[in-house]
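Take a look at the letters that make up each chain.
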Amino acid sequence: MPLAAKVTKPVAHDPDPDLAEKGMAVTISKISKRFGSTIALDQLDLSIRENEMFALLGPNGAGKTTLIHILATLMRPDSGTAEICGIDVVRQPRRARAALGVVFQEPSLDGKLTVEENLDFHARMYRMPAPLRRERIGEMLELVELATLRRRLVRSLSPGMKRRLEIARALVHDSRVLILDEPTVGLDAQSRGRIWEYLARIRARRTVTVVVTTHYIEEVEGCDRVCVIDDGRVLALDRPDTLRSRHGRHVLRVQALDASTAAEIAALHPDAVPDGDGGLAIVGGRTILEDLLRRFGPRIDQVSLERPSLGTVFLGLTGRHLREEGAAQQGAGKR
C-alpha cells in the first residue's frame, strides 16, 4: 500500500459540541491572502475557544506564518475577517494588539538592556501605570524563573532563558491570547520541556488562549486540539486522539545497507519520503513489511513498524514529513 496522495480538499470533521458553549478567543472567517500568483490562505475558517491550547501544524508554505501575521495585525488579508476576543484585527488593530501577546521565531529582545528593563519597556509601550508595571513584571519573572536574573543583561542569557523572557514579555500586559511561532526551535530537549511546563503553569493561573506552531510534533500531544493546514486550507482539525484514530496510519521506517537498495525500495514505493535519519518512511502495515523483508531481507539494515501517531496523521494528510520540513527551514535560516 503506497503513501496516500496529498489531500487536495479539506477533510470533514465533526463539530465540537463544547465549542458553541464557550467564548471564542480567535475567530477567522473566509480569510484569503495572495502573493502574486501564490495563494497563501484560501477562504480559511477557524475558531479557537477561550483558554484553549491550540496547535497549528503545516509544512513550509502552508500559510501558518501568513495567518499569524494577520492575527498580529502585521498584515492585512485580501478578504475575510479575523477577530481576537471579538475585536476585528483590521478595523481595530490597536485594541486587538492590547489583547494579544506574540512570540515570533526570530528573537526580538534588546540585548543591551537588562531582563527587567526589557519587560518594563514593553509595559510602558502598553501605557501600564508604574505600580501595575512593577507588580506584573515581578509576577512574570517569578513564573518563568528569571527573578534572580532581573538585573542581568539579556545578551548574557542562554537561548532557553531568552525564550522564557519573551514569553513573560508577551504576557506582562495581561494579554488574553498568546501566539507562539516555533517557540522551542533551536533549544535543547530540556529547555523545550521547560517552555511547555511554563505554558501549562500560565494556563493554570489565568485564562489565556495559547496558539502555537511547532515542527516538533511530539510537543502538540498535550494540546486540546490540533489543526493541520496546507495550501492555505484546513485539512483536519480535532483532538489529538481523534486525529490519530481517524487519520493515523502505520508507518514503516526502513534503512537500507547501501544506496542502490534504498533506490530500489524508493522505486517500488514512489510515495515514500525521507525520514530524517537517512532512511525512508512508507505508510503501510504488516503486508508491506513482509514484502520488503522477502525482497530485500539481507540488504536491509534496520526496519521498524510504528503505530498510528500525529506524525503519521501529518504524513498521510500532506504527503510530507514535518520534522524534515522544520530542519530544512532552520538550515535555510542559518544560511
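Because the structure is predicted, anything quoted here is derived from the model rather than measured.

Scanning the protein from terminus to terminus reveals eleven helices and 14 strands. In the protein, buried positions account for 48% of the 335 residues. Taking as baseline every contact in the protein between residues at least 6 positions apart, the subset at least 24 positions apart corresponds to 73%. In the structure as shown, the protein presents an accessible area of about 16,200 Å², 50% of it carried by carbon and sulfur atoms.

With the exception of glycine, most residues fall at negative phi, and the peptide bonds are largely trans. Despite not being glycine, Cys 85 has its phi angle at roughly 55°, a positive value. When you line up the elements, Cys 85 lands in the loop between β4 (79-84) and β5 (87-88). Cys 85 gets classed as buried once you look at its relative accessible area, which sits at 18%. Despite not being glycine, Glu 145 has its phi angle at roughly 60°, a positive value. Topologically, Glu 145 is positioned in the loop between α4 (130-143) and α5 (159-171).

Here the focus is the sheet that holds strand β11 (residues 251-256). Within the open sheet, the four strands sit side by side as β12-β13-β11-β14. Their pairing is antiparallel. Every other strand in the sheet has two partners, leaving β12 (273-274) and β14 (300-306) as the edge strands with one partner each. For β12 and strand β13 (residues 280-283), the ladder comprises two bridges, and the chain directions are antiparallel. Paired with Pro 274 across the bridge in β13 is Leu 280.

Here we come to the environment of Arg 249. The residue Arg 249 is located in the loop between α7 (240-247) and β11 in this model. Spatially, the C-alpha atoms of Arg 249 and Thr 312 are 5.6 Å apart, while their sequence positions differ by 63 residues.

Take the nonpolar core next. Counting 45 residues, the largest nonpolar core has Leu 165, Ile 167, Leu 178 and Leu 199 as the members making the most contacts within it. Here this core gets five residues from one element, more than from any other, and that element is α5. Ignoring sequence-local partners within four residues, the contact set of Leu 165 consists of Leu 109, Val 115, Leu 119, Leu 141, Leu 146, Val 154 and Leu 157. Counting residues in hydrophobic clusters, the runner-up holds 32 residues, among them Ala 25, Cys 85, Val 89 and Ile 179.

Its place among the elements puts Val 154 in the loop between α4 and α5. Val 154 gets classed as buried once you look at its relative accessible area, which sits at 2%. Sequence-wise, Val 154 and Gly 111 are 43 residues apart; in three dimensions their C-alpha atoms are separated by 4.6 Å. Excluding anything up to four places from it in sequence, Val 154 contacts Leu 109, Asp 110, Gly 111, Leu 113, Thr 114, Val 115, Asn 118, Lys 162 and Leu 165.

Before going further, it helps to spend a moment on the packing of α7 against helix α10 (residues 310-318). The N-to-C vectors of α7 and α10 enclose an angle of 55°; their axes lie 9 Å apart at closest approach. As far as their axial angle goes, α10 and α7 are oblique. Crossing hand, α7 versus α10: left-handed. Residue-level contacts link Pro 240, Leu 243, Arg 244 and His 247 of α7 to Leu 310, Thr 312, Val 313 and Leu 317 of α10. Across the contact of α7 with α10, the residue classes break down as five nonpolar, two polar and one charged.

Rules and cut-offs
- Residues numbered from 1 in each chain as written.
- Predicted model: local features only at pLDDT ≥ 70, side-chain atom pairs only at ≥ 80, totals over all residues.
- Heavy atoms only, no water.
- Helix = DSSP H or I, 4+ residues; strand = E, 2+ residues; numbered from the N terminus.
- Buried < 20%, exposed > 50% of the residue type's maximum accessible area, 1.4 Å probe, protein only.
- Contact = heavy atoms within 4.5 Å.
- Areas by Shrake-Rupley, 256 points an atom, 1.4 Å probe, with all protein chains shown as cover.
- Pairing = 2+ DSSP bridges.
- Core = buried A, V, L, I, M, F, W, Y, C linked by side-chain atoms within 4.5 Å.
- Axes fitted to C-alpha atoms, helices over the stretch in contact; angles between N-to-C directions.
- Parallel < 35°, antiparallel > 145°, perpendicular 65-115°, else oblique.
- Left-handed = near helix turned anticlockwise from the far one by under 90°.
- Nonpolar A, V, L, I, M, F, W, Y, C, P; charged D, E, K, R; others polar.

Spatial relationships are all this shows, so hold off on functional conclusions.
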